[in-house]
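# Architecture and fold: a report
For reference, the chains in residue letters:
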Amino acid sequence: MMISSPAYTIQLPARFIAPADGWTKRASVQCAVRHRGARFDALSQFHEEKIRMPKLANKVAVITGASNPKGIGTAIARKFAAEGAGLLLVAEGPEAGLKAVADECRVLGKGEAAVEPLLLDLEKDGAAEQMIETALARFGRVDILVNNAAARARKRFEDFTRADFRQTVAVNLETPFFATKAVIPAMRKQGGGRIIHI
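Within each chain, residue numbers correspond to sequence positions counted from 1 in written order. A pLDDT threshold of at least 70 governs which residues receive local features in this predicted model, and a stricter bar of 80 or more applies before side-chain atom pairs are shown or counted, although totals over entire chains, interfaces and linings include all residues. The basis for every side-chain value is the complete set of heavy atoms in the structure, and neither hydrogens nor water enter the calculation.

Time to look at helix H1 (residues 72-82). Burial classification: accessible surface area is computed with a 1.4 Å probe over protein chains only, and a residue below 20% of its type maximum counts as buried, one above 50% as exposed, and the rest as partly exposed. A helix here means a DSSP run of H or I that spans at least four residues, while a strand means a run of E at least two residues long, and both kinds are numbered starting from the N terminus. Gly73, Thr74, Ile76, Ala77, Phe80 and Ala81 are the residues of H1 that are buried. One face of H1 carries all of its buried residues, which in axial projection span an arc of 160°. Exposed side chains of H1 directed beyond 90 degrees from the buried face belong to Ile72 and Lys79. Here a residue-residue contact requires only that any non-hydrogen atoms of the pair lie within 4.5 Å. Of the surrounding secondary structure, the elements contacted by the buried residues of H1 are strand S5 (60-64), strand S6 (86-91), helix H2 (95-108) and strand S8 (144-147). Of the residues flanking the end of H1, it is Gly84, one or two places downstream, whose phi is positive at about 95°. Here the arc refers to the directions that run from the helix axis out to each C-beta atom.

Structure below.
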């Protein structure tokens, strides 16, 4: 095996090839190094080390409620991004917060997978289905659905209105239900997936 650049050439014995499982083996090999025209022979010790592949590489996750920098959805998004997942981050706002989380996830993912923010009012009829359709159109698959978004009226119980109640039910119950219903056919077609309710 040969590794080359304009400045140097490193030639390794053919037997020193990392196995497919991502682990190197302990080996002592002779390296012939050519640097700017001069040749140096050196004995290099390659120590056993783990070449860690991201756990979620080539996976796609849809996460709702991912705009609060201190929220659960954002924490999940950060972890998934660091593990190599492509992400569709969904929230009704604030837009600046959602974009900031998406930018942070792109950095954590080192550009290996796409991260897309989607500003969407999950209280609206058809929003859950639209979210899944957007993910499938953008990524071609959904491996993980995280139903994390929640609505909570910050008022005393006796001050609750019917509008407050309808919003709570729409976001906390209807959206997870219909998002799950919408994503199941795609997950079955691709051979599986995970649905997480927070």
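On we go.
Next up on the list: the pattern of salt bridges. Between Lys or Arg on one side and Asp or Glu on the other, a salt bridge is scored when a side-chain nitrogen of the former is within 4 Å of a carboxyl oxygen of the latter. Evaluation of the coordinates by the stated rule reveals nine salt bridges. In this structure, Glu95 engages Lys99 in a salt bridge whose closest nitrogen and oxygen atoms are separated by 3.3 Å. Residue Glu95 and its partner Lys99 are both found in helix H2; the two are separated by four residues, about one turn of the helix. Its relative accessible area of 43% is what places Glu95 among the partly exposed residues. One network of salt bridges, with partners in common, ties together Arg156, Glu158 and Asp159.

On to the layout of surface pockets, then. For the largest pocket, the calculated volume is near 590 Å³. Considering the residues around the largest pocket, the lining is formed by 21 residues, among which Gly65, Glu92, Ala149, Ala150 and Ala151 are closest to the centre. Sorting the residues of the lining of the largest pocket by element identifies H1, S6 and helix H4 (162-190) as the ones contributing at least two each. Across the lining of the largest pocket, the residue classes break down as 10 nonpolar, eight polar and three charged. Here a cavity is any set of points on a 1 Å grid over the protein atoms alone where a 1.4 Å probe fits but cannot get out, and a pocket is any open set with protein on both sides within 12 Å along at least 5 of 7 lines; a residue lines the site when it has an atom within 4 Å of a point. Grid points are joined across faces, edges and corners, and a volume is the space filled by probe spheres set on the points. Ten residue types, Ala, Val, Leu, Ile, Met, Phe, Trp, Tyr, Cys and Pro, are classed as nonpolar, four, Asp, Glu, Lys and Arg, as charged, and the remainder, Gly among them, as polar.

When you line up the elements, Leu108 lands in helix H2. Classification of Leu108 as partly exposed rests on a relative accessible area of 34%. Remark: the alpha-carbon pair of Leu108 and Ala77, spanning 31 residues in sequence, is separated by 9.8 Å. Dropping the residues within four chain positions of it, Leu108 is found in contact with Arg78, Ala81 and Ala82.

Here a strand pair is declared whenever DSSP counts at least two bridges between the two strands. One ladder, built from four bridges, connects S8 with strand S9 (residues 194-197); its direction is parallel. Residue Leu145 lies in a different strand from S9, and its bridge partner there is Ile195.

Cis geometry marks the peptide bond from Gly93 to Pro94, where omega comes out at -5°. Along the chain, the position of Pro94 falls in the loop between S6 and H2. In this structure, Asn58 takes a positive phi of about 70° despite not being glycine. You can see Asn58 is positioned in the loop between strand S4 (38-46) and S5.

As a rule, the C-alpha atoms of each element are fitted with a line to give its axis, helices using only the stretch in contact, and angles between N-to-C directions run from 0 to 180 degrees. Running from N to C, helix H3 (residues 127-139) and H4 cross one another at 35°; their axes reach a closest spacing of 8 Å. Regarding H3 and H4, the two cross each other, and that crossing is right-handed. Contacts between H3 and H4 pair Ala128, Glu129, Met131, Ile132 and Leu136 from the former with Thr175, Phe178, Ala179, Ala182, Val183 and Ala186 from the latter. Of the residues belonging to the contact of H3 with H4, the class tally is nine nonpolar, one polar and one charged. Rotating anticlockwise by less than a right angle from the far helix to the near helix defines a left-handed crossing, while the corresponding clockwise rotation defines a right-handed one.

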